[in-house]
Every structure is written in structure tokens, then in C-alpha cells.
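Summary of the model geometry
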Amino acid sequence: MKGRLNSEFGEILVDSDVIATYTGSVAVGCFGIVGMAAYSMKDGLVHILKKDSLKYGINVQIENNRISLTIHCIVAYGVSILTVSENLIEAVQYKVEQFTGLKVGKINVLVEGIRVID
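Scope of this entry: the structure provided in the associated data block. These numbers were taken from a predicted model, which means no experiment stands behind them.

Within the structure shown, the criterion is met by one aromatic pair. Ring centres of tyrosine 22 and phenylalanine 99 lie 4.0 Å apart, and the angle between their planes is 10°; this geometry places the pair in the stacked category. Remark: phenylalanine 99 occurs in helix 2 (residues 81–100) and tyrosine 22 occurs in helix 1 (residues 16–28); sequence separation between them is 77 residues.

Here we come to a nonpolar patch on the surface. On the surface, Tyr77, Ile81, Val111, Ile114 and Val116 cluster together to form a nonpolar patch covering roughly 500 Å² of accessible area. On the secondary structure map, tyrosine 77 appears in the loop between strand 6 (66–76) and helix 2. Taking the relative accessible area as the measure of exposure, tyrosine 77 reaches 59% and is therefore exposed.

So, about the nonpolar core. With 25 residues, the main nonpolar core has Ile19, Val60, Ile67, Leu69, Ile71, Leu88 and Val92 as its most contacted residues. Residue assignment for this core shows that the elements contributing at least two residues are helix 1, strand 3 (33–39), strand 5 (58–63), strand 6, helix 2 and strand 7 (103–115). Apart from the residues lying within four places of it in its own chain, the contact partners of isoleucine 67 are Ile19, Val60, Gln61, Ile62, Val96, Thr100, Leu102, Lys103, Val104, Gly105 and Lys106.

Further remarks concern the pairing of strand 2 (residues 10–15). In this sheet, strand 2 lies alongside strand 1 (residues 2–7) in antiparallel orientation, the contact comprising six bridges. What sits directly across from arginine 4, in strand 2, is leucine 13. The antiparallel hairpin formed by strand 1 and strand 2 contains two residues in its connecting segment.

Looking at the element boundaries, histidine 72 is found in strand 6. Here the side chain of histidine 72 touches asparagine 59 through a polar contact of 3.4 Å, side chain to side chain. In this structure the side chain of histidine 72 is engaged in a polar contact, spanning 2.8 Å, whose partner is the side chain of glutamate 112. Setting aside residues up to four positions removed in sequence, histidine 72 forms contacts with Met36, Ala37, Gly57, Asn59, Leu110 and Glu112.

So, about helix 2. In this model, helix 2 (20 residues) spans 28 Å end to end at C-alpha, consistent with the 28 Å of a helix rising 1.5 Å per residue. When helix 2 is considered as a whole, its buried residues turn out to be Val84, Ser85, Leu88, Ala91, Val92, Val96, Glu97 and Thr100. Phi turns positive, to about 85°, at glycine 101, one or two residues after helix 2.

Reading the values: the criteria
- Residues numbered from 1 in each chain as written.
- Predicted model: local features only at pLDDT ≥ 70, side-chain atom pairs only at ≥ 80, totals over all residues.
- Heavy atoms only, no water.
- Phe/Tyr/Trp six-rings, centres within 6.5 Å; stacked < 30°, edge-to-face > 60°.
- Helix = DSSP H or I, 4+ residues; strand = E, 2+ residues; numbered from the N terminus.
- Patch = residues over 30% accessible without salt bridge, like charges linked within 9 Å, V, L, I, M, F, W, Y side chains within 5 Å.
- Areas by Shrake-Rupley, 256 points an atom, 1.4 Å probe, with all protein chains shown as cover.
- Salt bridge = Lys/Arg side-chain N within 4 Å of Asp/Glu carboxyl O.
- Buried < 20%, exposed > 50% of the residue type's maximum accessible area, 1.4 Å probe, protein only.
- Core = buried A, V, L, I, M, F, W, Y, C linked by side-chain atoms within 4.5 Å.
- Contact = heavy atoms within 4.5 Å.
- Pairing = 2+ DSSP bridges.
- Polar contact = N/O pair within 3.5 Å; in protein donor to acceptor, adjacent residues only side chain to side chain.
- Expected span 1.5 Å × (residues − 1).

Following this line, the structure appears as C-alpha cells:
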């Protein structure tokens, strides 16, 4: 799926992979987020994604030029999940809207695990 923007110079198409990669980079910069998670259906385990594959922890849907995001993340041990999630939603919504020019309709945060930070 692609988001469409019209400008005076023509039409701009934004691919969902670009939005997912950008969202992942914004998410790992938020306080309390240890990393993005990928769930393996084969063995039922959750794996932390490396910096170059953050987009696999994000599901993007675009309908009527509104973005819906589902973020699979791993949270630091000892922090409030509610506070981290609210901060993540606020940061992602603001930065993705500024980056793409499209409105973010809904953001779902799925905490797939916790990890102790050294």
C-alpha cells in the first residue's frame, strides 16, 4: 500500500516499507523501548530486531490516506508500560505525520516482552 500526496509539482507516493522503517527508528529512540520485536511462528519465540531490520516489527496499513500502525516492541524492565506506551504513541504520531504529510489514524502498541537494561 502507498500513501498519496498531491503537490503543485505532481503526485507523491509513500511506500509502507518507508513508513515502517522510519517508525521503527523513531520507536527505538523513545525512553523505555529496548528494541523492536519479531515473533517467530515456527518456534513461538520473540526476537529483538537489529537496527537494519526494524521495519519487521511494524505493521502499516494505509486507507484513505490515513496510516494505521501496529508496533511490536520490547520494554525495559522496571518502567511503567502505560507511560512508555503513551510516550511512544505521541512521539511516533507526531514524527510520522511530519515526515510523510499523512495523518496517523490509529497506533496499537503490542509489548512482546521485557528486558533488563545494564
